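Okay, here's what each chain looks like letter by letter:
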Amino acid sequence: MNKKIYLLTTIALFGLTVCSAQELEQTASIKGKPILTVFADYKAGLKNANDISGFNLNRAFVGYEALLPKGLSAKVILNVETYTTENGKTKFGTYLKNAQINWQKNTFSIALGLINLYQFSVQENIWGHRYIAKSFQEEYEFAYCEDIGIAANYEFSHNLSVDIALTNGEGRKFKNEDNKYRYGAGITWKPTKNLLLRGYGDIYNHKTRVEIEHPLKDQYSLALFMGYTHRLFSIGVEFNKSYNHQFSPNMNLTGYSVYSTILLHQSWQWYGRFDLLKSSHDVGKQQEENATIVGIDYKPMSYIRLSPNFQSIKTKGQVRKNYLLVSIEFKI
């Protein structure tokens, strides 16, 4: 009897040891990293805008990304940003920026949930100064950088990839309850080591609402991009078109953006950008705008960037407004 008890005890302890080892192995294989990004600046208006000045905390990303076995990962990020109320006051708003699950197998990847979209991520990377200004499509509301839905990307080779997305089309702050969707597809091609070409298009079903004066139409978007990167400089050129913008018939917006970065020193860069927004409809002409940004980017350490910069904005029917800024990015 004692031998049997001893044998059963040994087997049980061995089983517990194996199970514990498996649990530790599974736990150890789950790695992760915190996400923390802060954009801030000091802004001072000149001449026509000299009534504007002060320190601004534009936004802060706080979150965590878990790296799971077999190509799985999950990411949750909260975004805190400033916004202007109807009475002109500035307040902080907090919302969920990302809550997504990713899976990658070789050259295929897919994301589900409140996800980052591919539609202008290439342009944003070439621009490279998101903490100073949003890229064109996001700035002028041609597209959202996040939305609720599903997106996939496949690399046929190192030089060619395609991406597709099915989303609500209403951005990160709204859920879809009107049975309307945004269907998008893009292709990215690198004919040479330094040159990158991208084309993207989507269809967005019009929202369901009472049509009193004018019928609504589906919105169509087109984005073409050419980027060239070199060890010493980079340049990007964008063409963006939004047909029936915000479902308004014949209100087409056309946008151009050109930007460049030149390496001055290991930690110093010069950059410049010019945006032009045009409208084919009288209602949309009040949105017409051209903007110029020039500045110096200084990176004293891996997680901090500083930039004194000048921004000039001219909106249709308004006087030009000029600003001096010192922008900062903290990112880990």
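Residues numbered from 1 in each chain as written. Predicted model: local features only at pLDDT ≥ 70, side-chain atom pairs only at ≥ 80, totals over all residues. Heavy atoms only, no water.

Draft legend 1. Representation of the overall build of the protein chain. Looking only at helices and strands, the protein chain features 3 helices and 16 strands. For the protein chain, the share of sequence-separated contacts (at least 6 apart) that also reach a separation of at least 24 residues comes to 49%. Carbon and sulfur atoms make up 61% of the accessible area of the protein chain, which totals about 19600 Å². (Helix = DSSP H or I, 4+ residues; strand = E, 2+ residues; numbered from the N terminus. Contact = heavy atoms within 4.5 Å. Areas by Shrake-Rupley, 256 points an atom, 1.4 Å probe, with all protein chains shown as cover.)

Draft legend 2. Broad picture of the side chain of H245. Considering the arrangement of structural elements, one finds H245 in the loop between β11 (233-243) and β12 (253-265). A distance of 2.8 Å separates the side chain of H245 from the side chain of S242, its partner in a polar contact. Apart from the residues lying within four places of it in its own chain, the contact partners of H245 are E141, Q219, M251 and L253. (Polar contact = N/O pair within 3.5 Å; in protein donor to acceptor, adjacent residues only side chain to side chain.)

Draft legend 3. Inspection of the side chain of S161 at higher detail. Of note, S161 is situated in strand β7 (residues 160-167). Overall, S161 belongs to the buried group, its relative accessible area being 14%. If near-sequence neighbours (up to four positions away) are discounted, S161 is found in contact with N153, Y154, E155, F156, G186, I187 and T188. (Buried < 20%, exposed > 50% of the residue type's maximum accessible area, 1.4 Å probe, protein only.)

Draft legend 4. Quick look at the pairing of strand β3 (residues 72-84). Examined bridge by bridge, strand β2 (residues 53-67) and β3 share 9 bridges and lie antiparallel to one another. Residue pairing across strands places F61 opposite N79, the latter belonging to β3. Between β2 and β3, which pair antiparallel in sequence order, lie 4 residues; one of them, K70, sits at a positive phi of approximately 60 degrees. Sheet analysis places β3 next to strand β4 (residues 90-105), joined by 13 bridges and oriented antiparallel. Counterpart to T84 in the pairing with β4 is T90. (Pairing = 2+ DSSP bridges.)

Draft legend 5. Structural context of the pattern of salt bridges. Under the defined criterion, the tally for this structure stands at 12 salt bridges. Close ionic contact of D202 with R182 constitutes a salt bridge, the shortest N to O distance being 3.1 Å. Separated by 20 residues along the polypeptide, D202 in strand β9 (residues 195-204) and R182 in strand β8 (residues 182-189) bring together distant segments of the chain. We classify R182 as buried; its relative accessible area is 7%. (Salt bridge = Lys/Arg side-chain N within 4 Å of Asp/Glu carboxyl O.)

Draft legend 6. Geometry of the packing of aromatic side chains. Inspection of every chain in the model, using the stated rule, returns 15 aromatic pairs. Geometrically, the ring pair formed by Y154 and F156 is edge-to-face, given 4.8 Å between the ring centres and 90 degrees between the ring planes. Overall, Y154 belongs to the partly exposed group, its relative accessible area being 34%. You can call F156 exposed: its relative accessible area is 53%. Here a set of aromatic residues connected by ring pairs shows up, and it is made of F39, F61 and Y131. Positioned above the aromatic ring of Y323 is the side chain of K43, whose terminal nitrogen or guanidinium carbon lies 4.3 Å from the ring centre. (Phe/Tyr/Trp six-rings, centres within 6.5 Å; stacked < 30°, edge-to-face > 60°. Lys NZ or Arg CZ within 6 Å of the ring centre and 35° of its normal.)

Draft legend 7. Highlighting the nonpolar core. Core analysis: the biggest nonpolar cluster contains 12 residues, these being F39, V122, I126, W127, Y131, I132, A133, L196, F225, Y259, Y271 and I293. Element by element, the count of residues in this core is highest for helix α2 (residues 121-127), at 3 residues. When residues no more than four places from it in sequence are discounted, the contact partners of V122 are T188, L196, R198 and F225. Core analysis: the second largest hydrophobic core is formed by 6 residues, F136, Y140, F142 and L253 among them. (Core = buried A, V, L, I, M, F, W, Y, C linked by side-chain atoms within 4.5 Å.)

Draft legend 8. Here's a closer look at the environment of N290. Residue position: N290 is located in strand β14 (residues 289-301). Separated by 12 residues in the primary sequence, N290 and K278 place their C-alpha atoms 8.8 Å from one another. If sequence neighbours within four positions are ignored, N290 has contacts with F274, D275, L276, S312, I313, K314 and R320. A polar contact of 2.8 Å, which involves the side chain of N290, links it to the side chain of R320.

Draft legend 9. Expanded view of the environment of L196. Mapped onto the elements of the fold, L196 is located in strand β9. Residues L196 and Y228, spaced 32 residues apart in sequence, show a C-alpha to C-alpha distance of 6.2 Å. Excluding residues within four positions of it along the chain, L196 makes contact with V122, T188, W189, K190, F225, M226 and G227.

Draft legend 10. Structural context of the confidence of the model for the protein chain. For the protein chain, per-residue confidence averages 87 on the pLDDT scale, and 86% of positions sit at 70 or higher. The weakest mean pLDDT in the protein chain belongs to helix α1 (residues 2-29) at 46; the strongest belongs to β14 at 97. (pLDDT = per-residue confidence, 0-100.)

Draft legend 11. Representation of unusual backbone geometry within the structure. For E141, which is not glycine, the phi dihedral falls at a positive 60 degrees. Within the fold, E141 resides in the loop between α3 (136-139) and β6 (146-157). Classification of E141 by relative accessible area gives exposed; the value is 56%. Phi angles above zero are rare outside glycine, and N250 is one such case at about 65 degrees. Summarising the element assignment, N250 is placed in the loop between β11 and β12. Look at N250 and you get exposed, because its relative accessible area is 52%.

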